[in-house]
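Commentary on secondary and tertiary structure
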Amino acid sequence: MAGDRFVTRGPRRSGRLLLALLPVLACALPASAAQPGRPDPLKSGIEFASADVRGMQADDFANPGMLWVARGEKLWSEPAGRSSKSCASCHDEAAKSMKGVAPRYPRIDPGAARLVNLEGRINICRSRHQEAEPLAYETEALLALTAYVAHQSRGMPVAVTVDWQNRRNFERGRDLYYQRLGQINLSCAHCHEQNWGKRLLGETISQGHGNAYPIYRLEWQATGSLHRRLRSCFFGVRAEVPAAGSEDFLDLELYLAWRARGLPMETPGVRR
Amino acid sequence: MDARILVPRAATRGQTIEIRVAIRHPMETGFRFDAMGKPLPKNVIHTLTVRYNGAEIFRAEMGSGIAANPYLQFYTVAEASGEVICDWTDDNGNRGSERAAVSVVG
């Protein structure tokens with residue numbers, strides 16, 4: 001269901017197209033295309049970046065994403081909402097309380113009974129405990145807080161689990177990952193599973209992991225969320241672009257986190 | 001405006017120390033247009049000065065060719081304990097300041 005509205009061709013038609021292209025595809029794709037699954041070896045996006053971008057990410061001062069982390073650190077102890085509580089009022093020191101939190105997201109929030117990512121969880125805290133308005137997706141404040149919280153888990157492995165609670169979300173995310181989309185009619189897997197490591201114009205195609213988000217992207221000249229990055233992929237294949245924070249992206253985020261499990265968190269990452 | 005400044009906390013007299021400054025700023029070039037086609041007015045940090053114990057040790061005049069969130073790195077000689085103060089002004093007249101202390105021994 002989740003991916004249906006992005007399909008620009010009916011399944012039958014794309015099936016026929018696939019048959020017509022089969023000889024071409026057989027030449028273009030490596031043998032691993034026959035065995036879908038997690039890439040092996042697992043490589044973080046930073047391994048595909050150039051030496052200067054890697055250096056920028058590794059240097060905590062030169063890394064521009066740290067400006068957002070610093071902002072998040074300030075926001076952490078700023079009171080908000082009618083309760084006049086800050087994050088620190090309940091969670092105290094983020095370095096202790098938030099360590100190991102980000103790698104477990106997205107997960108089902110028992111209170112909200114739905115899948116939430118870190119941004120969503122921060123907003124639940126705002127409405128539930130701070131009695132404040134939720135922060136809109138991609139706003140500076142939400143990005144800063146998310147970056148600050150995720151930064152506390154830097155170096156820890158992505159550790160989402162799939163269980164009876166989130167299985168449906170996981171399956172929807174996986175289906176969306178393998179769903180051909182847009183006028184270009186490509187799925188995520190065509191680039192990030194079958195052709196990672198190869199060149200696409202000036203870029204090396206990564207395995208598409210989300211372990212460094214929110215990232216500072218030089219193209220954006222700003223820090224952005226995973227959903228912003230997903231939007232550019234959807235736009236790139238000329239598909240209808242879901243909203244940031246939408247259910248489709250949350251499901252996809254869960255599936256991507258499952259693919260990336262074991263990779264160390266890098267927040268704030270730097271990418272071109 | 002968020003900013004960060006990094007100065008070694010302690011240095012020996014006569015030592016060359018590295019000073020690093022990072023400022024969050026859009027550095028709007030003046031060449032871009034918004035979604036409605038209206039030009040976005042130029043807004044860059046045009047002047048940045050750094051003083052060490054009151055004396056100016058570094059000055060940068062920046063233009064539209066500098067990327068967003070400028071990052072500067074330069075060197076000075078540690079002479080006496082004191083404060084390194086960085087001030088800047090952008091085209092909208094917004095000023096920012098960030099400071100760090102260095103203690104010099106010997």
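Attention here is on the structure that accompanies the text. Since we're looking at a predicted model, the values are computed, not measured.

Describing the overall build of chain A
Scanning chain A from N- to C-terminus turns up eleven helices and seven strands. Residues classed as buried in chain A amount to 47% of the 272 residues present. Contacts in chain A between residues at least 24 apart in sequence constitute 69% of all its contacts with a sequence separation of at least 6.

What to know about the interface of chain A and chain B
Opposite the 13 residues of chain A that make contact, chain B presents 14 residues. Across the chain A to chain B interface the summed buried area is about 1200 Å²; carbon plus sulfur atoms make up 57%. Between chain A and chain B we count four salt bridges in total. In this structure, the salt-bridge partner of A:Arg71 is B:Asp2, at a minimum N-O distance of 3.5 Å. At the boundary of chain A with chain B, the tally comes to eight residue pairs in polar contact (both at pLDDT 80 or more). Ranked by residues supplied to the side of chain A that touches chain B, first place goes to helix 3 (residues 65-76) of chain A with five residues. Classifying every residue of the side of chain A that touches chain B gives six nonpolar, two polar and five charged.

Re unusual backbone geometry
All names here are of chain A. Between Asp40 and Pro41 the backbone carries a cis peptide bond, its omega angle lying at 0°. With respect to the helices, strands and loops of the structure, Pro41 is situated in the loop between helix 1 (11-28) and helix 2 (51-58). Pro268 follows Thr267 through a cis peptide bond whose omega is -5°. Tracing the backbone shows Pro268 in the loop between helix 11 (247-259) and strand 7 (269-271).

Describing the pairing of strand 5 (residues 55-61) of chain B
Residues and elements named next belong to chain B. Direction of pairing for strand 4 (residues 45-52) relative to strand 5: antiparallel, over a ladder of six bridges. Residue pairing for strand 5: Val50 is matched across the bridge by Phe58. Between strand 4 and the antiparallel strand that follows it, strand 5, lie two residues; Asn53 among them carries a positive phi value of about 50°.

Some remarks on the layout of surface pockets
All names here are of chain A. One number sums up the size of the largest pocket: a volume of about 1200 Å³. Taken together, 40 residues make up the lining of the largest pocket; nearest its centre are His192, Ser206, Arg217, Arg229 and Cys233. Secondary structure elements with two or more residues in the lining of the largest pocket: helix 9 (188-192), strand 3 (199-200), strand 4 (203-204), strand 5 (215-217), helix 10 (226-236) and helix 11. The residue makeup of the lining of the largest pocket, split by class, is 22 nonpolar, eleven polar and seven charged.

Here's the deal with the sheet that holds strand 4 of chain B
All names here are of chain B. Taken in spatial order, the five strands line up as 2-8-7-4-5 in an open sheet, and their pairing is mixed. Looking at which strands have only one partner, the edges of the open sheet turn out to be strand 2 (10-12) and strand 5. Across the sheet, the axes of successive neighbouring strands diverge by a mean angle of 25°, strand direction being ignored. Where strand 7 (residues 82-90) meets strand 8 (residues 95-105), eight bridges bridge the pair, whose relative direction is antiparallel. Across the sheet, Asp87 pairs through a bridge with Ser97, a residue of strand 8.

Observations regarding helix 8 (residues 167-178) of chain A
Residue and element names in this part refer to chain A. The end-to-end C-alpha distance of helix 8 is 17 Å, a good match for the 16 Å that twelve residues give at a rise of 1.5 Å each. Of all the positions in helix 8, only Asn169, Phe170, Arg172, Gly173, Leu176 and Tyr177 are classed as buried. The arc that holds the buried residues of helix 8, viewed along the axis, is 165°, so those residues lie on one side. Buried positions along helix 8 lie against strand 1 (107-109), strand 2 (114-116), helix 9, helix 10 and helix 11.

Focus: the sheet that holds strand 6 (residues 71-77) of chain B
Residue and element names in this part refer to chain B. What the three strands build is an open sheet, ordered 1-3-6; its pairing is antiparallel. Every other strand in the sheet has two partners, leaving strand 1 (3-6) and strand 6 as the edge strands with one partner each. Taken pair by pair, the neighbouring strands of this sheet meet at an average axis angle of 15°, ignoring direction. Two strands pair when backbone bridges link them, and strand 3 (residues 16-23) and strand 6 are joined in this way by seven bridges, in the antiparallel orientation. Looking across to strand 6, one finds that Thr16 is bridged to Val77.

Definitions and limits used
Residues numbered from 1 in each chain as written. Chains lettered and ligands numbered in written order. Predicted model: local features only at pLDDT ≥ 70, side-chain atom pairs only at ≥ 80, totals over all residues. Heavy atoms only, no water. Helix = DSSP H or I, 4+ residues; strand = E, 2+ residues; numbered from the N terminus. Buried < 20%, exposed > 50% of the residue type's maximum accessible area, 1.4 Å probe, protein only. Contact = heavy atoms within 4.5 Å. Buried area = accessible area lost by both parts, 1.4 Å probe. Salt bridge = Lys/Arg side-chain N within 4 Å of Asp/Glu carboxyl O. Polar contact = N/O pair within 3.5 Å; in protein donor to acceptor, adjacent residues only side chain to side chain. Nonpolar A, V, L, I, M, F, W, Y, C, P; charged D, E, K, R; others polar. Pairing = 2+ DSSP bridges. 1 Å grid on protein atoms, 1.4 Å probe; cavity = no way out; pocket = protein on both sides within 12 Å on 5 of 7 lines; lining within 4 Å. Points joined across faces, edges and corners; volume = space filled by probe spheres on them. Axes fitted to C-alpha atoms, helices over the stretch in contact; angles between N-to-C directions. Expected span 1.5 Å × (residues − 1). Arc of directions from axis to C-beta.

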